[in-house]
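Take a look at the letters that make up each chain.
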Amino acid sequence: MATKVFEWPRYLKKAVFHYCPGCGHSIIHRLVAEVIDELGIGERCIGVPPAGCAVLAYNYFDVDMGEAPHGRGAAVATGIKRVLPDRIVFTYQGDGDIAAIGTAETIHAANRGENVTVIFVNNGVYGMTGGQMAPTTLIGQNSTTTPGGRDIRRDGAPLNLSEMLGIANGSAYIERTAVSSPKTIRHTKKALTKAFKVQMAGLGFSLVEILSPCPTNWKLSPVDAVKWVDESMTRYFPLKVIKDLAPDLK
Amino acid sequence: MNDKMLMRGSHVIGEAAVRAGCRFYAGYPITPQNELTEYMAGAMARLEDGTFIQAESELAAVNMVIGAAMAGARAMTSSSSPGVSLKQEGISYLAAQELPAVIVNTMRGGPGLGNIAPSQGDYFQATRGGGHGDYRTIVLAPASGQELADITRKAFDYADTYRTPVMILGDGMIGQMMEPVVFPEPLDLKKLPPKPWILDGAKGRPSRIIRSLLLDVSVEEDQNWKLVRKYEQITREIPAAEKYLTDDARLVVVAYGTAARIAKGAIKRMRDIGLKVGLLRPITLWPFPNRILVEMSRWVRHFLVYEMSTGQMVEDVRLGLEGRSQVHFYGRPGGVVSTPEELSKVINTLYHRQNLQEE
């Protein structure tokens, strides 16, 4: 008897991803869909896609999806969750979306303890608009708007949004992971599972920040891009549990 | 429950919203509309299924309303002029995503921070879309406590019927004024028409998407034409205006909201001294009641538009009449409210300058 060990996740549409080769979104989409599937929450999930490369997430997730204006994911999710508290609400946001234009919405949603899950994909750059500096761009990193590299005196330092959210009173679970290797990918899935479980248990705001390669805008090969995640990004954005109010919840 | 009550305008909107089934309110404090935000805080707390959120900004508030509307709630936000500027992003999205919501603008003097006195300087912003893109917002302009109660109910119904944002455009005077009011009976939420488009989890049905990003230009164009057809339907179905002493009028003042009440006082004075002056008070600012205006132009050769602005609605009156009658304008901006005496003088002068007494 053959045993099925791998299949298409129920809540991922059978559509071809538009993402660039080596981009982390495809992996993260699959992980989120697998988690929704395994937790059996697909029929009560409502997702909020971002502005940016992943705005078309609603073409891939087979759950109800409502688009938010740039950066306002946390506010839109707040509205949905408050009206339908027994549904599972998640946002999917990039670093430009969540850590620049949407900083206020995100911090205040966390501070209110909104019982939603945020998937924060950090690739250190504005992907869709062509590779401009993001709040998370590293010092010295080239982007189309920091052609000589990010200068701390001119551009400020990279923003540690997850650490900031960890301070917020209403956040329950914040972890930073990566999708740069089979090991980190497996761990990211665990973190996503936990984040959704924290919401299901009604414990408050949960967020998983995922360091993710952007070979196209970094102008690196996919292989060099994952190396860059491991060797450069993690130095400023260490992979760790930033806050966990439910250590026993696996 | 249906006794006559003496209530402040902002509270009337709040109570009428609750009775219209509003179960979600998000707002951010700004004078002169805080009484409404405060009223909603109390009212939502008393309801089992009510949500009140004091948002961190006007932007957050309107985006929370977007979420609540996606989830199927009757939702409202309110603000005053500078705050409504911030909400315009969300209003454009509400229009694009065809989501129903009610936005209250209690106008104050502007532009910029301006002042907190009653003004009508936001007419352009309210009626021209205000946010980016090809869209219109239904704009309702109440002028009395009772009308606030009735119009707030209508605002929620229009929002649901047409799946579009609806703005109630008042000002600090309307919001603060206390008048007797009889409220309609609270709506039974279970009897509201179903919304087969909301996001509530894809249980037993295909998943749904609410979006406004339409990268294919022909799809975006189709959606824009679809919106236009909806706006044409609204333009056929809901224009409303009050006519006061217009049947024999030789000069008709066109004014809305607070300005219309001042105009009414002035018109009474003019009638007392034998001048045939009437009032046309648009209740829907968009769609503008053109048909009523054009009908009236058959016997009214002179219209005087009076606004608490430097002249905004006057453009709609001119567009509506298309040269059929003469259009004059009088206005005072900056939060200054004219007295009926002052406006009487303006009417009297114009009336005699045009020799209307000799007709």
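Anything mentioned here points back to the structure above.
Since we're looking at a predicted model, the values are computed, not measured. (Residues numbered from 1 in each chain as written. Chains lettered and ligands numbered in written order. Predicted model: local features only at pLDDT ≥ 70, side-chain atom pairs only at ≥ 80, totals over all residues. Heavy atoms only, no water.)

Draft legend 1. Structural context of the interface of chain B and chain A. On the side of chain A, 32 residues touch chain B, which itself brings 35 residues to the contact. Summing both sides of the interface, chain B and chain A together bury roughly 2,600 Å²; the carbon and sulfur share of this comes to 58%. Linking chain B with chain A are three salt bridges, by the criterion used here. Across the pair A:Arg72 and B:Glu89 runs a salt bridge, and its minimum N-O distance is 2.9 Å. Inspection of the chain B/chain A interface yields 16 residue pairs in polar contact (both at pLDDT 80 or more). (Contact = heavy atoms within 4.5 Å. Buried area = accessible area lost by both parts, 1.4 Å probe. Salt bridge = Lys/Arg side-chain N within 4 Å of Asp/Glu carboxyl O. Polar contact = N/O pair within 3.5 Å; in protein donor to acceptor, adjacent residues only side chain to side chain.)

Draft legend 2. Highlighting the packing of helix α1 (residues 9–19) of chain B against helix α6 (residues 145–162) of chain B. Residues and elements named next belong to chain B. In the contact formed by α1 and α6, the axes pass within 8 Å of each other and the chain directions differ by 35°. The hand of the α1/α6 crossing is right-handed. Every residue of α6 that contacts α1 at Gly9, Val12, Ile13, Ala16, Ala17 and Arg19 is listed here: Gly145, Leu148, Ala149, Thr152, Arg153 and Phe156. When grouped by side-chain class, the residues that make up the contact of α1 with α6 number seven nonpolar, three polar and two charged. (Axes fitted to C-alpha atoms, helices over the stretch in contact; angles between N-to-C directions. Helix = DSSP H or I, 4+ residues; strand = E, 2+ residues; numbered from the N terminus. Left-handed = near helix turned anticlockwise from the far one by under 90°. Nonpolar A, V, L, I, M, F, W, Y, C, P; charged D, E, K, R; others polar.)

Draft legend 3. A look at the sheet that holds strand β6 (residues 138–140) of chain B. Residue and element names in this part refer to chain B. Here we have seven strands laid out as an open sheet, ordered β3-β2-β4-β5-β7-β6-β13, and mixed in their pairing. At either end of the open sheet lies a strand with only one pairing partner, and these are β3 (51–54) and β13 (284–286). Strand after strand, the sheet turns through a mean of 20° between neighbouring axes, direction not considered. Of the pairings in the sheet, the one linking strand β2 (residues 22–27) to strand β4 (residues 74–79) comprises three bridges and is parallel in character. Bridged to Tyr25 within β4 is Met76. Against the sheet, helix α4 (residues 81–96) touches β4, β5 (101–107) and β7 (165–171), its axis set at about 160° to β5. (Pairing = 2+ DSSP bridges.)

Distances and angles like these do not, on their own, reveal function.
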